[in-house]
Amino acid sequence: MTRGNSSSWVSRLLFAVVMSGGMIAPAFAQTSDAGVDIGGHITVLRLSEFDTTDIGVGVNMTWHATRIIALDGALTWFPGDQSASLGNRVARQQRTLGLVGARSGIRRGPVELFGRARVGFLRFASEDPAVCAAVSVVPPPLECHIAAGYTAFATDLGGGVAVDITDRLRIH
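In this report, we go over the structure that sits alongside the text. (Residues numbered from 1 in each chain as written. Predicted model: local features only at pLDDT ≥ 70, side-chain atom pairs only at ≥ 80, totals over all residues. Heavy atoms only, no water.)

Right, let's talk about the sheet that holds strand E3 (residues 69-78) for a bit. In a beta sheet, neighbouring strands are held together by backbone hydrogen bonds and run either parallel or antiparallel to one another. Taking strand neighbours across the sheet as the criterion, the seven strands line up as E1-E2-E3-E4-E5-E6-E7 in an open arrangement whose pairing is antiparallel. Either end of the sheet is taken by a strand with one partner, and the two such strands are strand E1 (36-47) and strand E7 (170-171). (Pairing = 2+ DSSP bridges. Helix = DSSP H or I, 4+ residues; strand = E, 2+ residues; numbered from the N terminus.)

Let us look at the packing of aromatic side chains. Enumeration over the complete set of coordinates arrives at zero aromatic pairs. Directly above the aromatic system of Phe-114 lies the positively charged group of Arg-103, at a separation of 3.8 Å from the ring centroid. (Phe/Tyr/Trp six-rings, centres within 6.5 Å; stacked < 30°, edge-to-face > 60°. Lys NZ or Arg CZ within 6 Å of the ring centre and 35° of its normal.)

As judged from the 12 bridges shared by E1 and strand E2 (residues 52-64), these two strands associate in the antiparallel manner. Considered in E2, the bridge of Ile-38 is made with Met-61. Following E1, the chain reverses through four residues before pairing antiparallel with E2; Asp-51 in that reversal takes a positive phi of roughly 50°.

In structure tokens form, the structure reads like this:
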């Protein structure tokens, strides 16, 4: 994508996520009291092996089993960069990232400091198989293997700060 198109796309997407979150919050008000948080996110994925960076959108859910332990999950979709050159097969591919794991944190008023460990998958959508048909190298390059569609193991070890803005809005 060109720089102008990507910022416009991200702005529209961020607006849509914020607006949809505001509309569905009243419907989930009852589950929020039971210890479940449901929200949306925008994620940046860097694949240094292929020199590509993607912006994706997704949903996340956290079930607070106790005051300090929670089950945390996320599903994120990356559209790929269709304006990338045909030679950059991986940048053009759509990807799906799914993660689930444990989260622990401490809360003081509206501020929560948390850490989490999650495992899951990163699925590369299949591209046209003809893109690598002429490759005669054995074994084929990693790009060709992934272009056929590939699922990789994924991990996320990190944490952050969450701040309650209102009863129904939290920023991480």
